Structure formats: C-alpha cells, structure tokens
Amino acid sequence: AQKVTQAQTEISVVEKEDVTLDCVYETRDTTYYLFWYKQPPSGELVFLIRRNSFDEQNEISGRYSWNFQKSTSSFNFTITASQVVDSAVYFCALSERIQGAQKLVFGQGTRLTINP
Amino acid sequence: DVKVTQSSRYLVKRTGEKVFLECVQDMDHENMFWYRQDPGLGLRLIYFSYDVKMKEKGDIPEGYSVSREKKERFSLILESASTNQTSMYLCASSFHGVTDNQPQHFGDGTRLSIL
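Report follows, based on the coordinates. (Residues numbered from 1 in each chain as written. Chains lettered and ligands numbered in written order. Predicted model: local features only at pLDDT ≥ 70, side-chain atom pairs only at ≥ 80, totals over all residues. Heavy atoms only, no water.)

Looking at the interface of chain A and chain B
Taken together, the 23 residues of chain A in the interface contact 28 residues of chain B. Here chain A meets chain B over a buried area of about 2,100 Å², counting both sides, of which 51% is carbon and sulfur. Remark: the boundary between chain A and chain B carries 1 salt bridge. When the shortest N-O distance is used, the salt bridge between Lys103(A) and Asp59(B) registers 2.8 Å. The set of elements that each furnish at least two residues to the side of chain A that touches chain B consists of strand S5 (33-39), strand S6 (46-52), strand S10 (88-98) and strand S11 (101-106) of chain A. In terms of residue count, the dominant contributor to the side of chain A that touches chain B is S11(A) (5 residues). Among the residues forming the side of chain A that touches chain B, the class breakdown is 10 nonpolar, 9 polar and 4 charged. (Contact = heavy atoms within 4.5 Å. Buried area = accessible area lost by both parts, 1.4 Å probe. Salt bridge = Lys/Arg side-chain N within 4 Å of Asp/Glu carboxyl O. Helix = DSSP H or I, 4+ residues; strand = E, 2+ residues; numbered from the N terminus. Nonpolar A, V, L, I, M, F, W, Y, C, P; charged D, E, K, R; others polar.)

Structure (structure tokens):
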C-alpha cells in the first residue's frame, strides 16, 4: 500500500535559519508523482511542487528547494533563509491513479514555526 | 486562478442530524475530492468523483455519502452526524490528466463540530 511518512511533527527555528522537512514514501508503482503542499493558518492547502518519479533532478524555486532521491524513497524540502511567513503546516503527498483520477496519499504533516 | 469554494468555514450541528457540506469549483475540473483532516493523521480521502454522477470510495467512507449532479458541484453528506465526525473537511478538484497527475486545488476548509 502507498504510504508517506513525515517523521518531524513540529519544527521551530529562528528566522533566517535554513530548515529541511523530511518526507519518506512507500510505493510499488513504477510511475508515480510526489507533491508538497503548504497549509498556512488560514486553512487552504497551497500547491508547491509536483515531481515525476522519472525526474530525479533537484529543483530550486527562490528560497525553496527539493531533493528527490529514488534510492532512499525520499523527497525532502529545504527552505533557505527562512522567514516568519513560511510558518505553516507542510504536507508531502504521493499519487495513486485510480479510475482515471489521481488519489493522493498524504503524510501526517510537519508544523513549521519560524520565530522572529 | 482556480477557485474552489466551500459553503461554510465553520459549522456546528447536533448528533443525529443530516449534514450537507457543499463544494463548488469554477475551472471545469473533472475530478473532485473530499478529505478530512485530523491532528497527527494528515488528510484522509473520504470520497472522490471523476465525472458527473460518478463516485468512488476513498479510505474512510463509512458514515458519509456524496452527490455530484453537476460537474462544478460536489456535496458531502453525513447521514446521521456523530461526535467522531468532528473535524476539518477539505474539498479539492483537479483536471483529469491523461498522461500525468495534475495537482489538486483545495478550498479553504470547513471546520465542523458535532455536539
């Protein structure tokens, strides 16, 4: 069965520190997608990134970067020079295709607090 | 921008009541989803729909049903609300990607309390 594990329940750092959120997944599919979502205090989940299992290139978007390693089944997310606005709950998710729709399996989430 | 709108941000109901949670999306997405979010458990899929009048059970469908009469609207129904259904409910929608998995877009959530 598909499974996503975010072992860090809560992380608290001081502003401007770098922080890495871990994500480990389990799947028997050879083709799959991985996602990261951000949930700020307002509640809505905001899509951050989607990664195809065939594309192991790391990705950088501003202060955000993602490290996908198929050998260790991990898809970690790093925020460089963190800011207070980065405070949120972050979810890693793995896709499973069912009946033509994409079903997401979510990790438990990591609550990130950036202190001024 | 994709807009997924849930009818209520906060809702309080009583045990045994029939509860309707409504979700509307404006991007002509084929797929729609209902999740519940509980502390320490992340998001869990209740039901999803990949077309009008089609529905599929997710991981935790017990105690819930859904309705999709129109493409833009997906309703979650608690047939007889119980206190263990107190939770945050999130609706999402996505395109039906033929060759890849399109990201899901989420509404703001409905925080439902059953007393």
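There is more to say, and it comes next.
Quick notes on the sheet that holds strand S7 (residues 64-70) of chain B
All names here are of chain B. One open sheet accounts for 4 strands, arranged S1-S3-S8-S7; its pairing is antiparallel. This sheet does not close on itself; its edge strands, each paired only once, are strand S1 (4-6) and S7. For this sheet, the mean angle separating the axes of adjacent strands, direction not counted, is 20°. Both S1 and strand S3 (residues 19-25) contribute to a ladder of 3 bridges, which runs antiparallel. Within S3, the residue paired with Gln6 across the bridge is Cys23. (Pairing = 2+ DSSP bridges. Axes fitted to C-alpha atoms, helices over the stretch in contact; angles between N-to-C directions.)

Comments concerning the packing of aromatic side chains
All names here are of chain A. Under the criterion given, the structure shown has 20 aromatic pairs over all chains. Consider the rings of Phe68 and Phe75, whose centres lie 5.8 Å apart with planes at 80°: the pair is edge-to-face. When its relative accessible area of 0% is taken as the criterion, Phe75 is described as buried. When the ring of Phe91 is compared with that of Phe106, the centres are 6.1 Å apart and the planes differ by 85°; the resulting orientation is edge-to-face. A residue pair is termed long-range when its members are at least 10 positions apart, and Phe91 in strand S10 and Phe106 in strand S11 qualify at 15 residues. (Phe/Tyr/Trp six-rings, centres within 6.5 Å; stacked < 30°, edge-to-face > 60°. Buried < 20%, exposed > 50% of the residue type's maximum accessible area, 1.4 Å probe, protein only.)

Some points on the state of the cysteines
Residue and element names in this part refer to chain A. According to the stated counting rule, one finds 2 disulfides over all chains in the structure shown. Between Cys23 and Cys92 runs a disulfide, and the two sulfur atoms are separated by 2.0 Å. Residues Cys23 and Cys92 are joined by a disulfide whose S-S torsion is about -65°; by sign, that bridge is left-handed. In this pair, Cys23 is assigned in the loop between strand S3 (19-21) and strand S4 (24-26) and Cys92 in strand S10, connecting sequence segments 69 residues apart. You'll find Cys23 and Cys92 in the same group, each marked buried. (Disulfide = S-S within 2.5 Å.)

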